[in-house]
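# Residue-level structure breakdown
Below are the chains, spelled out letter by letter.
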Amino acid sequence: MPSTSAVAGWSMAGLAALSALAGGGAQVVPNAATPAPQLPKDDNVEKIEPLKIPKDVEAKLAALDKPRLDFLKSGVAARYVDKEAMFDRFRTAPAAEIVAYVDALRQVYEAAEFKAGRDRASIALDTRSPMFNAWKLKRPAALDPARAAGPLDLRRYLGGYGGGFSTFANAPVAFTPADLKAGKVEVAIVGAPLDMGSGWRNAIDGPRAMRMTGGAGGNDMYSMINPNGALKIVDYGDIAIDQNSTERSVDHVREMVREIAATGAIPIVIGGDHSLEYPNLAGAADVHGKGTIGVVHFDSHYDAARNRVHQLDHGQPVYRVISEGHVKGSNYIQVGLRARGPDLETFGWMRNKGMRYHTMVEVEKWGWERVMQRALAEARQNAKKLWVSFDIDVLDPAFMPGTGTPVPGGLTMREAQPIMRRLCAENDIAGIDIVEVAPYLDTSYKTALNSNYLLNACLAGIAMRKKGLKPGYFNPVSVEHGRDNYYGNRKS
């Protein structure tokens, strides 16, 4: 077969598509101004649909022998080039060029697809290693001095900032489920420094940076509630991560989220990249039941990519969660989408799964207030408990520059804080994750600082729900100075 470069007269679009494939890039399929197609509900992503060739194009394929024609009709070629662009090319190309074009596509197919015996399906681990499980082996309690179960306060000083040991929300620490139970802990914040699922590294330092920049502790002026006083919060340390294997790491994250949730505490997972959404939700579902949890997923990206080589990275957790049944598609709500995906086909998949998505296009048309109210209402419809998965790149890079995949045109902190507070105040929270904090990509400290303010808003919302405060509550003392009746007799 001729090499790809031997095909003369190709369109630039065709060459670009194959070049992107050879370089590992994704196929770009242009969107048409048509409604999103509805895909089969069986969701068989490996299934290849036979190619329907227009009558006028069939007449141009007389030069193809049966093997070439069968290959073309199989539909495999549509994985690598846009079929409509291919048909347009065939309508004007001479017979020899069509043959060369099909041969090049066959060559790409042979090289790109997995072939047993030629390609390695997985990277083997050395099971003989005496340290095979050491990375996640928990320290036996017998190695430590005996102590009563319960949280430990690591503060050295009674007042001021700094000193002692930095913890999430300036909270005491806990080491074991027995500590959580003995302390009647309501919220356990845990770091998960997974850094293998993103192409842009440094999410490994997210938990460290958030501990060092205020830790989300302190008073929430909107409600005048200090979550540290209203809730029993602990820092549960960091979950062990095998930074050479996302697959091994997420299994242990799932175990740890399940461990926290089983005690009755709310797990708040600080990442780490967004691959974590998969084990977080699977671990919560292990405790609360499959299909019982709803998700509000803040992100500029849809994270429901399918059919990639690696079965899990930070762009695929939603697909894994839904396809494995941990969360029903109808219980998935996405807010803030604006990146260059999904395409129409994926929007069709999302619609067929019953997902509700709210893009920045919707915000531009209807305004943030209306979209926020819609998302809040949807969050309360079907599920018993709610998980809030917050990828910080949902915010505009002006507020969150320290993240691996920033996208302009996002939410502001003025928009994000109220909805996070209300979500946590109005719903029975199964858990929360805040992910993709990459502080080394930020020349200031604002990414970690703003992430902590969002965490504080969540904690304040949980405390508001505990106190029975109504949705949208604002403390009247912080609403105004109260020296006159300037705004009239409005209820707070």
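Residues numbered from 1 in each chain as written. Predicted model: local features only at pLDDT ≥ 70, side-chain atom pairs only at ≥ 80, totals over all residues. Heavy atoms only, no water.

### So, the overall build of the chain
For the chain, the count of helices and strands is 17 helices and eight strands. Buried positions account for 48% of the 492 residues belonging to the chain. For the chain, contacts bridging at least 24 residues in sequence account for 77% of all contacts bridging at least 6. Summed over all atoms, the accessible surface of the chain reaches about 24800 Å², with 55% contributed by carbon and sulfur. (Helix = DSSP H or I, 4+ residues; strand = E, 2+ residues; numbered from the N terminus. Buried < 20%, exposed > 50% of the residue type's maximum accessible area, 1.4 Å probe, protein only. Contact = heavy atoms within 4.5 Å. Areas by Shrake-Rupley, 256 points an atom, 1.4 Å probe, with all protein chains shown as cover.)

### Notes on the pattern of salt bridges
A side chain with one charge may pair with a side chain of the opposite charge, provided their charged atoms come close. What the rule picks out here adds up to 29 salt bridges. A salt bridge links Arg91 to Asp88, with the nearest nitrogen and oxygen atoms 2.7 Å apart. Of this pair, Arg91 and Asp88 both sit in helix H4 (residues 83–92), three residues apart, which is roughly one turn of the helix. Look at Arg91 and you get partly exposed, because its relative accessible area is 32%. Residue Asp88 is classed as partly exposed on the basis of its relative accessible area of 47%. The partner of Glu97 in a salt bridge is Arg89, with the nearest N and O atoms 2.3 Å apart. Sharing partners across several salt bridges, the network here consists of Asp65, Arg68, Asp103 and Arg106. (Salt bridge = Lys/Arg side-chain N within 4 Å of Asp/Glu carboxyl O.)

### Some remarks on the packing of H4 against helix H5 (residues 95–112)
Two numbers describe how H4 lies on H5: the axes approach to 9 Å, and their chain directions differ by 150 degrees. Viewed along their axes, H4 and H5 adopt a mutual orientation that is roughly antiparallel. Each of Met86, Arg89 and Phe90 in H4 lies in contact with H5, whose residues at this interface are Glu97, Ile98, Tyr101, Val102 and Leu105. Across the contact of H4 with H5, the residue classes tally to six nonpolar, no polar and two charged. (Axes fitted to C-alpha atoms, helices over the stretch in contact; angles between N-to-C directions. Parallel < 35°, antiparallel > 145°, perpendicular 65-115°, else oblique. Nonpolar A, V, L, I, M, F, W, Y, C, P; charged D, E, K, R; others polar.)

### Describing a nonpolar patch on the surface
Taken together, the side chains of Met221, Tyr222, Met224, Phe474 and Val479 define a hydrophobic patch exposed on the protein surface, amounting to about 480 Å² of accessible area. Within the secondary structure, Met224 sits in the loop between helix H7 (206–212) and helix H8 (227–230). Looking at Met224, the relative accessible area reads 38%, which means it is partly exposed. (Patch = residues over 30% accessible without salt bridge, like charges linked within 9 Å, V, L, I, M, F, W, Y side chains within 5 Å.)

### Focus on helix H3 (residues 66–74)
Among all positions in H3, only Arg68, Phe71 and Leu72 are buried. Seen end-on, H3 carries its buried residues on one side only, within an arc spanning 95 degrees. Of the surrounding secondary structure, the elements contacted by the buried residues of H3 are H4 and H5. Gly75 sits one or two residues past H3 and shows a positive phi near 95 degrees. (Arc of directions from axis to C-beta.)

### So, the sheet that holds strand E4 (residues 293–298)
Across the sheet, eight strands lie side by side as E2-E1-E3-E8-E7-E4-E5-E6; this open sheet has parallel pairing. Two strands bound the open sheet, and with one partner strand each, they are strand E2 (233–238) and strand E6 (356–359). Going across the sheet, the axis of each strand differs from the next one's by a mean of 15 degrees, ignoring polarity. Bridge analysis of strand E1 (residues 187–192) against E2 gives four bridges, and the strand direction is parallel. (Pairing = 2+ DSSP bridges.)

### Here's the deal with the environment of Ile270
Position of Ile270 among the secondary structure elements: in strand E3 (residues 266–271). Classification of Ile270 as buried rests on a relative accessible area of 0%. Separated by 78 residues in sequence, Ile270 and Ala192 place their C-alpha atoms 5.8 Å apart. Non-local contacts of Ile270, meaning those with residues more than four positions away in its chain, are made with Phe168, Ile189, Val190, Gly191, Ala192, Pro207, Met210, Ile434 and Leu455.

### Focus: the packing of helix H15 (residues 413–426) against helix H16 (residues 446–467)
Orientation of H15 relative to H16, taken along the N-to-C sense of each, is 30 degrees, at an axis distance of 7 Å. With respect to H16, the axis of H15 lies roughly parallel. H16 is crossed by H15, and the crossing has right-handed handedness. Contact with H15, carried on its side by Met413, Ala416, Gln417, Met420, Arg421, Cys424, Ala425 and Glu426, involves Asn450, Tyr453, Leu454, Ala457, Cys458, Gly461, Ile462, Met464 and Arg465 of H16 and no other residues of that element. Its residues assigned to classes, the contact of H15 with H16 comprises eleven nonpolar, three polar and three charged. (Left-handed = near helix turned anticlockwise from the far one by under 90°.)

### Some words on the nonpolar core
Ranked by size, the top nonpolar core spans 56 residues in total, and within it Ile189, Phe298 and Phe390 carry the most contacts. Per-element tally for this core: the top contributor is H16, with nine residues. With near-sequence residues (within four places) excluded, Phe298 lies in contact with Val335, Val388, Ser389, Phe390, Asp391, Val394, Ile419, Met420 and Leu423. (Core = buried A, V, L, I, M, F, W, Y, C linked by side-chain atoms within 4.5 Å.)

### As for the confidence of the model for the chain
Residues of the chain with pLDDT of at least 70 account for 88%, and the chain-wide mean is 86. Low pLDDT (under 50) marks residues 1–34, which in the prediction has 47 contacts with non-local residues, meaning those over four places away or in another chain. (pLDDT = per-residue confidence, 0-100.)

### Here we look at the pairing of E4
Each regular strand displays side chains that alternate between the two surfaces of the sheet. Taken across its six residues, E4 has six buried, putting it largely inside the fold. Across the two faces of E4 the burial is the same, with Ile293, Val295 and His297 and Gly294, Val296 and Phe298 all buried. Here E4 pairs with strand E7 (residues 385–391) via six bridges, running parallel. If you follow Gly294 over to E7, its bridge partner there is Leu386.

### Looking at unusual backbone geometry
Note the cis peptide between Gly271 and Gly272, where omega equals 20 degrees. Mapping Gly272 onto the fold places it in the loop between E3 and helix H10 (277–288). Unusually for a residue other than glycine, Lys184 sits at a positive phi of about 50 degrees. By secondary structure assignment, the location of Lys184 is in the loop between helix H6 (177–182) and E1. Unusually for a residue other than glycine, Asp303 sits at a positive phi of about 55 degrees. Inspection of the secondary structure assignment puts Asp303 in the loop between E4 and helix H11 (317–323).

### Comments concerning the packing of aromatic side chains
In this structure the tally under the stated criterion is seven aromatic pairs. For Arg248, the ring lying beneath its charged end belongs to Phe132, and the centroid distance is 4.6 Å. (Phe/Tyr/Trp six-rings, centres within 6.5 Å; stacked < 30°, edge-to-face > 60°. Lys NZ or Arg CZ within 6 Å of the ring centre and 35° of its normal.)

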